[in-house]
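This is what each chain is made of:
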Amino acid sequence: MSRPPSGQEPIVLVIDFHHARGPEIERCFGEDGTDPAAENDWSLLPFMALSDGAHMSTEEFSYFTLRRKETATEPATSLFGIACSRQIDSNILTYRPPDVTRSTVQKAVVVITDTPQSLGQLREKLSMVTSAWFAQRDFSDIDILKKFRESLVISVKTNEASKDQTFGLSLREMIHEFKYQTLVLFKALLLQPKMLFFGSRCERLCMIQFSLISLIPGLMNRLEDCADPAADTYAQTVEKPTSLKTSDRNSLLAYMGLPLQIFGKGSMFGPYTPLQQLDLLADDGTKSYVVGSTNSLLLQQKDRYSDILINLDEDTINISNPALRTALTLSVADRRWIDLLTSIINDTWDEAHPQQPKTHGYMGSEEFIRLQFEEYLLALLACMKYHEDLNSFNAGDPGRKSKAQLDAFNIEGDPALEFNSEFLTLWQNTPNYGLFNRLTSDALLFSIVEPRHPCAGGLTIDDVQRRLSQQVADLHLDERVREGREAFNRHLGAGQKKVSAAFNSFWNDIESMREAQRKKTEEKTPQSQRSSIDKGSSPPFSPSDTASVTSTSGSSWFAGRKAPPADAPPAQTSVGAVGQRAGAYLNSWTTWASEKRKEWQEKKPPPSSPSSPSSIKSPSTTTLASAAETNDAERGRRQSMQAQRSEDSHSLSRSGSRRKRWSNILLRRESGEFGSSSQKKDDGSSENNDENVYPRSPLSREASILGDDTPDPADLQASESTTQPEPKANDLTTTQIPEEPKSPPIVEKSADAAKDASEDQTKTGDSLPQQRAVTEEPPLETSSTSAGK
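Residues numbered from 1 in each chain as written. Predicted model: local features only at pLDDT ≥ 70, side-chain atom pairs only at ≥ 80, totals over all residues. Heavy atoms only, no water.

As annotated in an unreviewed UniProt entry, the chain is UDENN domain-containing protein from Aspergillus steynii IBT 23096. Quoted straight from UniProt, the Sequence similarities (unreviewed entry) entry for the chain says "Belongs to the AVL9 family." (UniProt positions renumbered as here; feature names shortened; annotations may be inferred.)

See the structure below:
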């Protein structure tokens, strides 16, 4: 099972990235006087050591395979290389060569060995040596590299690397990440398709490929043909086992035809494959391979360079071949087996130490996982051998076994169908199965290993429950619900903030509009107050207002008043108070008018005596002098009313003076003062009333209409027949208006009013018209209305 020693000592090389020539081999430390790179034509070694994207990391590892040519003493074989690349700022170098023109210097230290098992130990040593060499900041000092190569040679001679060691990514991490797809990749490896692994991290990309091929027992020790598709050394040199020692595991595996030669003729293995090797992948002689790349250009041509694409950045597996997709569909038993294994890994998973179970026991460990896959593969091989014998018997082949021989094994049905019949059909046509069949042609494998699937059996309710739980776990519903809830809460909070902001903005707009409307109202309020004060009584004002008025000459007292406050409540209060006062005034006046009207109706004064011809005067006898007298009396009455209003405005309000005037007029009317027509002269003598008779005033006529005094029609006829003498000319100048302290007789047209009017006209230069044709008396309603107002 173990690979024979090739006699190849470890080789140490230094790869430098030149700014003009690109990556190149700078130094090579091999056997004395030899240059292995030039002898074996390793022109692509610099591109394998410095992977694409290595400059983006502080430290990066890449793994690759090389072909060593046949020599006189050694056959051609495959070598395995590991490279550790780092970079440093060129400004901090103590010795800067002239050809260093860039800001950084990128170099890689490479170790090439003949077996992949030693790569695990080499990685740690190589990392420390490379870090120490870069810390010197002088790449001309290479003593540390020489001593490192000497230590590797010593370790090979002491056979430290000859132990059966596994190398690659932790299987626990692989199953925890890929779950049931791990078994899909394992069975795909047996079918030998073109498998392309892609990832941005080169070391992880290479490790998962080594982990996958390590699941086939013994394959890591027989990879001498993996670097070249034309190599077929293992198939030509392997011998068919003739004996079996069941106590020896390696003897058992060899008798079972293991390891299956996945990388034989027409196949290759390149953990990291640069773009410079794409021609080799597209060659007609290359039928299958397992390669990895960090260049995304291969993703654009995945259909050309791959049958199965494994994207490690997205953890997806894309199978482009339909027949291959059908063959790799897991059966019920397959899915049950891998689900049980996955559940064990998950139950013993430890985030802090993923390489070992948290129980530190055997269940879930690396050895447990490898043993499970080994058991699965041995059961598959045993079932395939019985499947072939059963098909040979059914087909009637001459060398077939008899029915009695088959029944002697007590095997029910065809157990190989538990592994998916489409998979079995494709596997029988692969080169590795052909070599397996040749090595185990006469061996009764199903008599050594039970030909039965490890989890054989029909579909049960446990399988359904396990499948559903696994699918629910694969969907990550809890995480999605949690993420959805968090996203919903974030959107809800943002929505609430937006709605709140919109509402606040809308409310601010309303407030600004209300403030603008309030200011407009306040601007209009002084104007309305000014107009109301001009028409009504003067409002009370403070001494400060008086001072402001006196300081402003030639302007209204409103100019000195302070502007009203901008607050709406005080303005509304003042408006309400004014309304209340106006309403109270109107109500009081209405009450007073109604009471007086009731008094008029109850107290009716006696009508005028019809024998007195001076009570009524016929309008038909009005002359020019009487018309002039009437006009003069009306003018004097108006002047006296204006004078009275000017006097009362300083002591009484307008409403109070108006009420008092009405009271005086009614009291004088009730006392019969308006009935007497005799007036005192200037000298104190009295004259006959018959000589100074004037027509009744409009107020007395209006009172008659209201029902106070209704004259008899006979009296009216007697008054019309009576001839009134014309007044003398001197009566207009001698008649005086009797003094009235509060309210003068503003209704009755007396001779005294005519006298005052004539005297005023004489003083002011006004003259009455000498002739005026009067056909009728002026309308009494007009004078009555004006007097009332």
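Engineer: Residue-level account of the sheet that holds strand S7 (residues 267-270), with values.
Structural biologist: Spatially, the 5 strands line up as an open sheet ordered S7-S8-S6-S9-S10, and their pairing is mixed. Only two strands of the sheet have a single neighbouring strand rather than two, namely S7 and strand S10 (316-319). Each adjacent strand pair in this sheet contributes to an overall mean axis angle of 15°, direction not counted. Sheet topology note: the strand S6 (residues 194-198)/strand S9 (residues 308-311) ladder contains 4 bridges and is parallel. (Pairing = 2+ DSSP bridges. Helix = DSSP H or I, 4+ residues; strand = E, 2+ residues; numbered from the N terminus. Axes fitted to C-alpha atoms, helices over the stretch in contact; angles between N-to-C directions.)

Engineer: An account of the confidence of the model for the chain is requested, with residue identities and associated values reported.
Structural biologist: A low pLDDT score tells you not to read the predicted coordinates there in detail. On average, residues of the chain score 75 in pLDDT, and 66% of them are at 70 or above. In the predicted structure, residues 607-630 sits below a pLDDT of 50 and forms 35 contacts with residues beyond four places in sequence or in another chain. Contacts from residues 760-789, a stretch scored under 50 in pLDDT, to residues over four places away or in other chains number 26 contacts. (pLDDT = per-residue confidence, 0-100. Contact = heavy atoms within 4.5 Å.)

Engineer: Go over the pattern of salt bridges with me, naming the residues and quoting the values.
Structural biologist: Counted under the stated rule, the structure contains 19 salt bridges. The salt bridge partner of Glu511 is Arg514, with a shortest N-O separation of 3.6 Å. Highlighted residues: Glu511 and Arg514, both in helix H20 (residues 477-535), separated by 3 residues, approximately one helical turn. Of the residues examined, Glu511 reaches a relative accessible area of 30% and is grouped as partly exposed. (Salt bridge = Lys/Arg side-chain N within 4 Å of Asp/Glu carboxyl O. Buried < 20%, exposed > 50% of the residue type's maximum accessible area, 1.4 Å probe, protein only.)

Engineer: Lay out the packing of helix H5 (residues 171-178) against helix H6 (residues 181-191) with the relevant residues and their values.
Structural biologist: The geometry of H5 relative to H6 is characterised by a closest axis approach of 7 Å and an angle of 110° between their N-to-C directions. Judged by the angle between their axes, H5 and H6 are roughly perpendicular. Between H5 and H6, the contacting residues are Met174, Ile175 and Phe178 on the first element and Gln181, Thr182 and Leu185 on the second. The residue inventory of the contact of H5 with H6, partitioned by class, reads 4 nonpolar, 2 polar and no charged. (Parallel < 35°, antiparallel > 145°, perpendicular 65-115°, else oblique. Nonpolar A, V, L, I, M, F, W, Y, C, P; charged D, E, K, R; others polar.)

Engineer: Tell me about a nonpolar patch on the surface, and name the residues and values.
Structural biologist: Taken together, the side chains of Val332, Leu459, Ile461, Val464 and Leu468 present a nonpolar region at the surface, about 430 Å² in accessible area. At 3 residues, the largest contribution of residues to the nonpolar patch is made by helix H19 (residues 461-475). Examined against the element boundaries, Leu459 turns out to sit in the loop between helix H18 (431-439) and H19. The class of Leu459 is exposed, set by a relative accessible area of 56%. (Patch = residues over 30% accessible without salt bridge, like charges linked within 9 Å, V, L, I, M, F, W, Y side chains within 5 Å. Areas by Shrake-Rupley, 256 points an atom, 1.4 Å probe, with all protein chains shown as cover.)

Engineer: Report on the sheet that holds strand S5 (residues 104-113), specifying residues and quantitative values.
Structural biologist: Strand pairing in a sheet takes place through backbone hydrogen bonds and is either antiparallel or parallel in direction. Read from one edge to the other, the open sheet built from 5 strands follows the order S2-S1-S5-S4-S3, with strand pairing classed as antiparallel. With one partner strand each, in any of the chains shown, strand S2 (22-29) and strand S3 (59-68) form the two edges of the open sheet. For this sheet the average axis-to-axis angle between neighbouring strands, irrespective of direction, equals 25°. One ladder, built from 7 bridges, connects strand S1 (residues 11-18) with S2; its direction is antiparallel. Within S2, the residue paired with Val12 across the bridge is Phe29. Packing against the sheet, helix H3 (residues 119-135) makes contact with S1, S3, strand S4 (77-89) and S5, and its axis sits at approximately 30° to S4.

Engineer: Tell me about the state of the cysteines, and please be specific about residues and values.
Structural biologist: Under the counting rule described, the total for this entry stands at 0 disulfides. Summary of cysteine pairing: Cys206 is not part of a disulfide, and the nearest cysteine sulfur, belonging to Cys202, is at 4.1 Å. In this structure Cys206 comes out as buried when scored by relative accessible area, which is 0%. (Disulfide = S-S within 2.5 Å.)

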